[in-house]
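Observations on chain architecture
Spelled out from the first residue to the last, the chains are:
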Amino acid sequence: MELINTALPALADALTLILHPQQIMFLIAGVLLGLSVGVLPGLGGIAGLSLVLPFMYGMDPISGLALMVGLVAVIPTSDTFSSVLLGIPGSTASQATVLDGFPLAKKGEAARALSAAFVSSLFGGLLGAMVLTVFIFFARPLILAFGLPEMLLITVLGLSMVAILAGRLPIKGLVAAGLGLMVGTIGAAGAGGSLRMATYDIPYLVDGLPLVIIGLGIYAVPEIVSLLRQDQAISKTGGLGKGWIDGLKDWWRNIWLSVRCSGIGVIVGMIPGLGGSVVDWIAYGFSVQTAKDKSKFGTGDIRGVIGPESSNNAKEGGGLVPTLIFGIPGSGSMAVFLGGLALLGYDPGPHMVRNNLDVTYTIVWSLALANVFGAGLCILLSGSIARLTTIRFTLMAPFLFMMITFAAFQSSQQLADLVALVAVGFLGILLRRFDYSRPAFLIGFVLSSQAEAFANMANQVASSRFRRGFEYGIDYLASPLSLAILALIVISVIVGIRSAKHILGNSETPAGTKRAPMIFLLAITGYVAVAWVNALMISRVGDKIFPVTVGAVTLVCCLLLLVRMMRAPEGDIAFADLELSGGEDGEAAHGLWVTLAWFFALLILSSIFGFIIALTLFFLAFFYYRAGLSWAKSALFTACGVAFICFLAYTLGREFPPGLLQAYFKLPWPLK
């Protein structure tokens, strides 16, 4: 009763504060800014919040909160545009949406996919705000119940989604996941700092490969190159197909899926560090596992959009639980959000909940209203923006590549970011060509560092407890919550193995000669073998257990697949190759290497002249020679593109990759 007597007045005060016209104005400003940032691939909430942080000094606290929450709430909604329309994940939380959203856009049903996604996001966001309202008081015991064993098992639950996303040949999915795990261990070990996994003497790799580069390289680059080679619009029908009303109907028919996936988003969002990186994959896997008809997943099933989109907005409400109650960020964007709260004079944690409950609930109300405003605007604009799919892709590709290279460069602001993007992009092209599961690779990479960290810490604590007695150790490892999560993992794997053949491999991929697929598999096997031997040579036991174990399992999977290929006849599904006649890329108007040469040229020019000069030369040549435009139109398109990226960099306070020219000559911005 005392809690209710305290909470109700605080809720009323918060509602009064946020409904003030000035706060509504700042909330809408945050929503508009979030929409602008969210539609640009690869930027996301961290870049958006970094943009507004300088304005927090001296700002009215409630207005500042409204601005930040409006931005945070709407980015998981607006990043759906690039995921659905372009096949490029707008952020790490919208990667699973690509699997079915982009095929729908190709069929001319982009507006339908977008509207279903936006309504799902709205519902998930509101549910997250409702849960946050109640959990302000009651979530503390639940959060504290998650110890290291439970965190490790939640991570393994995310990895169990590989069973769902393995494709037509499960062993290929395991190889892709193992490769992702091994790539995720590149760099200094978290425990002892040992350099591992082919890091050697490359300083750039000490901190590992950034997630934004892996996400853009594995998904964005292959899709851009594929569509550019075909030289046509994304939508093969040239029309929008079903509109946003049909998307609303789709969501209503699958409302219980939206409810359950929103619940998943809230729960996973509460666990610090997991939310944005894995919640959409868990929701996607759940959508597949609970569906009666799984045959359309991966080729344009609206349920594959509704599930992930419901969860990724709900996770923002869940992520605010540890952020506000404990002062522990639930994600990267929440970490920046904590910095904004500090600038406004607040101290997140139990102290804030006890002494500033009205401000705490102001954040909750702002989150709910921002979701309404953001989803409403996106729904209204979805029909118009979906028309992007009818534009000839050759005219869009240079601008898209400009955006993803700019986003990739912000990882560490080194030219090596662009080299890594091109290298990972080439790997993504080959994984796509030979029918290896890119989602499985991405899940492995995302969860690699977390799985290793939780495993090492849980092992240390468990070893200490077992030394005190077997009962102490087993009580720590086999808690009721751990056993429940373990049961979910077993069920997920069993259902996933049964369901795998129905998704991501249901389209017929042509298979032919053994040579090219065998060479690619041998290259993967060689890398894993070298990395495994490299890990064996590490002196610190704690730094090598995880990569040695994962490397051994991955090597076994590679060898099993190699034996399968040696024994199978040509034409077997193990030799899938999209470059063959009849494949998606086999009939493309332009060759792979000729198309890649344009992007390699941009990288080489950037290393010599710096990014802006290189981009100008790249645009002029591309629009004139590849797109077939006149010199006047090429110059106009080039000026627009360069002006936009300079405006964006100036607004965000970002720099461009320098080249050799900048090392010898002092040039003005943006050429420096």
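Check the entry above for the structure.
Okay, so let's go over this structure.

Each value, and the rule that gives it
Residues numbered from 1 in each chain as written. Predicted model: local features only at pLDDT ≥ 70, side-chain atom pairs only at ≥ 80, totals over all residues. Heavy atoms only, no water. Helix = DSSP H or I, 4+ residues; strand = E, 2+ residues; numbered from the N terminus. Contact = heavy atoms within 4.5 Å. Areas by Shrake-Rupley, 256 points an atom, 1.4 Å probe, with all protein chains shown as cover. Axes fitted to C-alpha atoms, helices over the stretch in contact; angles between N-to-C directions. Parallel < 35°, antiparallel > 145°, perpendicular 65-115°, else oblique. Left-handed = near helix turned anticlockwise from the far one by under 90°. Nonpolar A, V, L, I, M, F, W, Y, C, P; charged D, E, K, R; others polar. Phe/Tyr/Trp six-rings, centres within 6.5 Å; stacked < 30°, edge-to-face > 60°. Buried < 20%, exposed > 50% of the residue type's maximum accessible area, 1.4 Å probe, protein only. Arc of directions from axis to C-beta. Lys, Arg positive; Asp, Glu negative; His and termini not counted. Salt bridge = Lys/Arg side-chain N within 4 Å of Asp/Glu carboxyl O. Polar contact = N/O pair within 3.5 Å; in protein donor to acceptor, adjacent residues only side chain to side chain. Patch = residues over 30% accessible without salt bridge, like charges linked within 9 Å, V, L, I, M, F, W, Y side chains within 5 Å. Core = buried A, V, L, I, M, F, W, Y, C linked by side-chain atoms within 4.5 Å. Expected span 1.5 Å × (residues − 1). Bend = angle between axes of the 7 residues up to and from the residue.

1. Brief notes about the overall build of the chain
Helix and strand counts for the chain stand at 28 helices and two strands. A separation threshold of at least 6 residues defines the contact pool for the chain, and within that pool the share at least 24 residues apart is 80%. Surface summary for the chain: the accessible area is close to 25,900 Å², and the carbon and sulfur share equals 68%.

2. Description of the packing of helix 10 (residues 211–230) against helix 19 (residues 415–433)
The contact between helix 10 and helix 19 brings their axes to 7 Å, and the two run at 60°. In this view, helix 10 runs oblique relative to helix 19, as classed from their interaxial angle. The interaxial crossing formed by helix 10 with helix 19 has right-handed handedness. Two secondary-structure elements touch here, helix 10 through Ile213, Ile214, Leu216, Gly217, Ile218, Val221, Pro222, Glu223, Val225 and Ser226 and helix 19 through Asp417, Ala420, Leu421, Val424, Gly425, Gly428, Ile429, Leu431 and Arg432. A class-by-class count of the residues in the contact of helix 10 with helix 19 yields 12 nonpolar, four polar and three charged.

3. Considering the packing of aromatic side chains
Under the criterion given, the structure shown has 22 aromatic pairs. With a centroid separation of 5.6 Å and 40° between ring planes, the pair formed by Phe399 and Phe623 is classed as tilted. Here Phe623 lies in helix 26 (residues 611–626) and Phe399 lies in helix 18 (residues 393–409), a separation of 224 residues in the sequence. Owing to a relative accessible area of 24%, Phe399 belongs among the partly exposed residues under this scheme. On the basis of relative accessible area, Phe623 is assigned to the buried category, the value being 0%. Both rings, one in Phe426 and one in Trp593, keep their centres 5.7 Å apart while their planes meet at 45°; by these two values the pair is tilted.

4. Observations regarding helix 26
Inspection of helix 26 places Phe611, Ile612, Ala614, Leu615, Phe618, Phe619, Phe622, Phe623 and Arg626 among the buried residues, and these make up the whole buried set. Along helix 26, the residues classed as buried sweep out an arc of 150° about the axis, all on the same side.

5. Side note on the environment of His590
Summarising the element assignment, His590 is placed in the loop between helix 24 (541–567) and helix 25 (592–609). The sequence separation of His590 and Asp231 amounts to 359 residues, and the corresponding C-alpha distance is 7.9 Å. Not counting the four nearest positions on each side in its chain, His590 is found in contact with Leu228, Arg229, Asp231, Thr595 and Arg626.

6. What to know about the side chain of Lys172
Tracing the sequence through the fold places Lys172 in helix 9 (residues 170–184). With no salt bridge to any partner, buried Lys172 finds its closest opposite charge in Asp435, at an N-O distance of 5.1 Å. Here the side chain of Lys172 touches Ala574 through a polar contact of 3.1 Å, landing on its backbone oxygen. Residues within four places of Lys172 in sequence aside, it is in contact with Phe434, Asp435, Tyr436, Leu561, Met565, Ile573, Ala574 and Ala576.

7. Re the pattern of salt bridges
Pairing between side chains of opposite charge can happen when the charged atoms of each approach one another. Counted under the stated rule, the structure contains four salt bridges. Between Asp250 and Arg253 there is a salt bridge, with its nearest N and O atoms 2.5 Å apart. Taken together, the positions of Asp250 and Arg253, both in helix 11 (residues 244–253) and three residues apart, correspond to about one turn of that helix. Accessibility expressed as a relative area gives 3% for Asp250, which makes it buried. Three or more residues joined by partner-sharing salt bridges are found here, namely Arg112, Asp250 and Arg253.

8. Structural notes on the environment of Pro203
Considering the arrangement of structural elements, one finds Pro203 in the loop between strand 2 (195–196) and helix 10. Taking the relative accessible area as the measure of exposure, Pro203 reaches 67% and is therefore exposed. Residues Pro203 and Gly187 lie 16 residues apart in sequence; the distance between their C-alpha atoms is 9.1 Å.

9. Some words on the environment of Gly526
With respect to the helices and strands, the residue Gly526 is situated in helix 23 (residues 515–536). Note on Gly526: relative accessible area 32%, which makes it partly exposed. As for Gly526 and Cys558, which are separated by 32 residues in sequence, their C-alpha atoms are 9.7 Å apart.

10. Digging into the side chain of Ser63
With respect to the helices, strands and loops of the structure, Ser63 is situated in helix 4 (residues 61–78). Sequence-distant contacts of Ser63, defined by excluding residues within four places in its chain, comprise Gln22, Gln23 and Phe26.

11. Some thoughts on the packing of helix 25 against helix 26
Contact pair helix 25 / helix 26: the axes reach a minimum separation of 7 Å and the direction vectors enclose 155°. As the angle between them shows, helix 25 and helix 26 are arranged roughly antiparallel. Crossing of helix 25 over helix 26 shows right-handed handedness. Residues Thr595, Trp598, Phe599, Leu602, Leu605, Ser606 and Phe609 of helix 25 form the contact with helix 26, whose own contacting residues are Phe611, Ile613, Ala614, Leu615, Leu617, Phe618, Ala621, Phe622, Tyr625 and Arg626. In terms of residue class, the contact of helix 25 with helix 26 is made up of 14 nonpolar, two polar and one charged.

12. Examining a nonpolar patch on the surface
Taken together, the side chains of Trp593, Phe600, Ile604, Ile608, Phe609 and Leu617 present a nonpolar region at the surface, about 560 Å² in accessible area. The element that contributes the greatest number of residues to the nonpolar patch is helix 25, accounting for five residues. You can see Ile604 is positioned in helix 25. Judged by relative accessible area, Ile604 falls into the partly exposed class, the value being 48%.

13. Notes on the nonpolar core
Ranked by internal contacts, the top residues of the largest apolar core, which has 152 residues, are Leu65, Leu209, Ile214, Tyr436, Leu615 and Ile645. Leu209 has contacts with Val183, Ile186, Tyr204, Ile214, Ala420 and Phe445, leaving out every residue within four places of it along the chain.

14. Description of unusual backbone geometry
At Asp435, a residue that is not glycine, the phi angle is positive and equals roughly 65°. You can see Asp435 is positioned in the loop between helix 19 and helix 20 (438–468).

15. Digging into helix 20
Look at helix 20: 45 Å from first C-alpha to last across 31 residues, which is about the 45 Å you get at 1.5 Å a residue. Of all the bends in helix 20, the greatest measures close to 45° and is centred on Leu447. Just downstream of helix 20, Gly469 is the residue with a positive phi angle, here 160°.

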